[in-house]
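The primary structure of each chain is shown beneath.
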Amino acid sequence: MPAYPVALLCPVCRSPFAAGSGLRSLVCPAGHSFDAAKQGYFNFLTGKGTVFEADSADMVAARFDFLSAGHYRGLADAVADLAAPFLAGSGSAVLDAGTGTGHYLRALLDRVPAAAAVGLDISKFALRRAARLNPEAVNLVGDVWQPLPLADAAVDVVTVVFAPRNAAEFARVLRPGGRLIVVTPRPGHLAEVAGQTGMLGIEPAKDERLTASLAGHFAARGGRELDLALSLSPSDVANLALMGPAGHHLDRGALAARVAGLPPRTAVSARFRISVFEPLPLPAAPPATDPQT
Ligand SMILES: C[S@@+](CC[C@H](N)C(=O)[O-])C[C@H]1O[C@@H](n2cnc3c(N)ncnc32)[C@H](O)[C@@H]1O
Ligand SMILES: [Zn+2]
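What comes next is a walk through the structure. Since the structure is predicted, the reported quantities are computational estimates derived from the model, not experimental observations. Every chain is numbered on its own, with residues counted from 1 as its sequence reads. For naming, the first written chain is A and the first written ligand is 1, with later ones following in the order written. A pLDDT threshold of at least 70 governs which residues receive local features in this predicted model, and a stricter bar of 80 or more applies before side-chain atom pairs are shown or counted, although totals over entire chains, interfaces and linings include all residues. In computing side-chain values, all of the structure's heavy atoms are included and hydrogens and water are not.

### Some points on the pattern of salt bridges
In a structure, side chains of opposite charge can pair up when their charged atoms sit close to one another. Salt bridges, as used here, are contacts in which a Lys or Arg side-chain nitrogen is within 4 Å of a carboxyl oxygen on Asp or Glu. Scanning all chains against the criterion turns up 14 salt bridges. For glutamate 136, the salt bridge goes to arginine 106, with nearest N and O atoms at 2.9 Å. You can see glutamate 136 sitting in the loop between helix 4 (124-133) and strand 6 (138-141) and its partner arginine 106 sitting in helix 3 (residues 103-111), a full 30 residues away along the chain. With its nearest N and O atoms 3.6 Å apart, the salt bridge here joins glutamate 225 to arginine 186. Residue glutamate 225 is found in strand 9 (residues 218-232), and its partner arginine 186 is found in the loop between strand 8 (174-185) and helix 6 (191-194); the two are separated by 39 residues along the sequence. Note on glutamate 225: relative accessible area 45%, which makes it partly exposed. Its relative accessible area of 6% is what places arginine 186 among the buried residues. Strands here mean DSSP runs of E at least two residues long; helices mean DSSP runs of H or I at least four residues long; both are numbered from the N terminus. Buried, partly exposed and exposed residues are distinguished by accessible area as a fraction of the type maximum, computed with a 1.4 Å probe on protein chains only: under 20%, between the cut-offs, and over 50%, respectively.

### Things to note about the nonpolar core
To qualify as a nonpolar core, a set must consist of buried Ala, Val, Leu, Ile, Met, Phe, Trp, Tyr and Cys residues joined through side-chain atoms within 4.5 Å. Ranked by size, the top nonpolar core spans 50 residues in total, and within it Tyr72, Leu75 and Leu240 carry the most contacts. Among the nonpolar cores identified, the runner-up in size contains 39 residues, and Val6, Phe17, Leu95 and Leu210 belong to it.

### Details of unusual backbone geometry
Unlike most non-glycine residues, arginine 14 shows phi in positive territory, near 65 degrees. By the element assignment, arginine 14 lies in the segment before strand 1 (25-27). A relative accessible area of 30% means that arginine 14 is categorised as partly exposed. Phi at leucine 190 takes a positive value of approximately 60 degrees, unusual for a residue other than glycine. Within the secondary structure, leucine 190 is located in the loop between strand 8 and helix 6. Among the residues examined, leucine 190 registers a relative accessible area of 3% and is labelled buried.

So, in structure tokens, the structure goes:
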């Protein structure tokens, strides 16, 4: 049974949740309490919520169907290969930021079952799926651009697969010597179907741009490129279009009409970069001033 071994903080007052918090309810020392939704996740979005547009139910369903069909299995395995060595010690923990349906965290926990895990996503539709897939993880609805509900140095690995990156917060919650593992698309990713399905907006993240966006918090520690040759049915192609950022505004009817004209199988290349970063030492805290002097 999961026992919240990760050092979680109350999203309201940032005090640690009391040890021994129940599985269905978290209560901080100041009395802020969070009940698990029936699927088992906690909603940590407080106050006025967020300006970011969460993935909708049909985008999440498309993502779940596409990933469950195993098309990106090779990517999940490659991420697990890179993360597992940093989760080998007892008491190790991972944060999957923008966990979506929890697909990549599942593959990682199958590889390293002893690791404690937190899956964070802003979409409650995604979290419903993630909580079912990864019941041993703490699944949290939350915004990666808000202070993360984790103590400093709480995790050994942060994984971010096609999701936003808050460099300062990822560096804060990682232990020294831990790793941030980021998956981004490379030029040519899904090129065979991107145009005709309206999947525009998959902007390949240039390697230098990713490194620059993390500069000051992280140093590059290698990684790898991965190409997968996919053979997709028309409904796989529709799912692929809907599950990405274009899914927020795609005309569903027009997409269905376009994929209806595709052959039974379409060859599509998925081109990923998996980048690995190590957190730089945090700036030293200013010396405490003695009120007596
Ligand atoms: C393209 S999906 C990737 C999901 C998952 N990592 C995967 O590859 O299957 C991007 C995810 O980031 C989440 N997301 C977007 N903005 C977010 C934010 N500000 N905070 C947390 N999650 C966010 C979305 O809800 C979505 O599940
Ligand atoms: Zn509190």
